[in-house]
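Each chain is listed here by its residues.
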Amino acid sequence: MYPHHREREQPIFSARAHVFQIDPATKRNWIPASKHAVTVSFFYDANRNVYRIISVGGTKVRKMAIINCTVTPSMTFTKTSQKFGQWADSRANTVYGLGFATEQQLHQFSEKFKEVKDAARLAREKSQDKELANTALSIAAPQSPPVMCVNGPEDKLFRSQSADITLSSEKERIKKMLSEGSICEMNLEAELFTLQDSNTKLVAALHEANANVEQWKKQLAAYQEETDRLREQVAELEAHGGHGPSDMLKDELTQSLEELEALLKAKDEEIHILQNKKAEYHEMEHDRDEAIHRLRETEMRNVELERRIQNTEQNLSNSLEERDRMDSEIQRAIEILDIKIFDLNDLRQSLVKLIDK
């Protein structure tokens, strides 16, 4: 049977972290590459036999790669604090930094970095050994003699090559569709992680805002009572004229009243901002539901593509078996034809001898 496999990038580990890049001007300061925590994943590229670190960020409309780094055996991940680590990418001429929420997450990422680096070293060694072996074989191998065939085998050869080209092109087309579905799924997962992170922050902000609103309402009530009391005092002062406190005290009370009114206005604006944030939170929930729905649709499409590629591989296996069977039949026909030709030659020689006699 033909082996079932997928020649596409496979994620092997993912973590959430804040991404930074070193300032190219100073080579000292860190520049944030993401506004919030994003998903940082290790991927294995089976086609190229390499390991990569990839992180996708940006807006919902436009996605961009924050990290696209090929892991090499010379790279080293260094822990600079309890929750921060960094490594240098000579190809991109930069240094990446990752800030994690916990020390355990940093430790897990560091251990996985070591494993991937060792795997990249082994992959490079195997690739080098394979190249050396191929070079040696190409130098030592003698030139193959030309293949002699009669009528039928030439037609069979052209038909086999045409069938191989057709089956290979169909298989490559389905693999391309499956790869595109995988990339779409990865983008949707990154978008979902971004929405979940924003949702968590908005929920925390709303809880804090709801707790503060009650406190602000009590403060506003107290300020309003104080404002009414001060207004009454000012009215009494104006009514008594010169018999009340001095003009300086009156000015102080007026200034206190103005400050309280300004404070009331500022609190009203804060309440209005919190109400707008609540509306944004509901909109984010709607976007998250849409992202989950699109992710499920993509997963269903991937399942269908996997089923199709399995069917194609089965058809290819059946075609190969049919071609082998035809090769065997053609070979038997050639052998029978050779025997008949040999018999005809013997018969011809016998007739020639009889004629000579």
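Scroll up a little and you will see the structure.
Residues numbered from 1 in each chain as written. Predicted model: local features only at pLDDT ≥ 70, side-chain atom pairs only at ≥ 80, totals over all residues. Heavy atoms only, no water.

**Digging into the nonpolar core**
Moving on, step 1. Residues Ile53, Ile67, Trp87, Leu98, Phe109 and Phe113 are the most contacted members of the largest nonpolar core, which totals 24 residues.
Moving on, step 2. Going through the elements one at a time, β1 (10–22), β3 (38–45), β4 (50–58), β5 (63–70), β8 (94–99) and α1 (103–140) are the ones with two or more residues in this core.
Moving on, step 3. For this core, the leading source of residues is α1, giving 5 residues.
Moving on, step 4. Once residues lying within four places of it in the same chain are set aside, the contact partners of isoleucine 53 are Val40, Ser41, Phe42, Ile67, Asn68, Cys69, Val71, Trp87 and Phe113.
Moving on, step 5. Membership of the second largest hydrophobic core comes to 5 residues, among which are Leu230, Val234, Leu237 and Leu260. (Core = buried A, V, L, I, M, F, W, Y, C linked by side-chain atoms within 4.5 Å. Buried < 20%, exposed > 50% of the residue type's maximum accessible area, 1.4 Å probe, protein only. Helix = DSSP H or I, 4+ residues; strand = E, 2+ residues; numbered from the N terminus. Contact = heavy atoms within 4.5 Å.)

**Looking at a negative patch on the surface**
Moving on, step 1. Side chains of Glu225, Asp228, Glu232 and Glu236 sit close together on the surface and give a patch of like negative charge.
Moving on, step 2. With respect to the helices and strands, the residue glutamate 236 is situated in helix α2 (residues 152–240).
Moving on, step 3. Its relative accessible area of 48% is what places glutamate 236 among the partly exposed residues. (Patch = residues over 30% accessible without salt bridge, like charges linked within 9 Å, V, L, I, M, F, W, Y side chains within 5 Å. Areas by Shrake-Rupley, 256 points an atom, 1.4 Å probe, with all protein chains shown as cover. Salt bridge = Lys/Arg side-chain N within 4 Å of Asp/Glu carboxyl O. Lys, Arg positive; Asp, Glu negative; His and termini not counted. Charge placed at Lys NZ, Arg CZ, Asp CG, Glu CD.)

**Concerning the pairing of β3**
Moving on, step 1. In terms of burial, β3 is largely enclosed, as 7 of its 8 residues are buried.
Moving on, step 2. Where β1 and β3 come together, 7 bridges link them in antiparallel fashion. Pairing of serine 14 across the sheet is with serine 41, part of β3.
Moving on, step 3. Pairing of β3 with β4, which is carried by 6 bridges, proceeds in the antiparallel orientation. Among the inter-strand pairings, serine 41 is bridged to a residue of β4, identified as isoleucine 54.
Moving on, step 4. Connecting β3 to the next strand, β4, in antiparallel fashion are 4 residues, including asparagine 49 with a positive phi near 60 degrees. (Pairing = 2+ DSSP bridges.)

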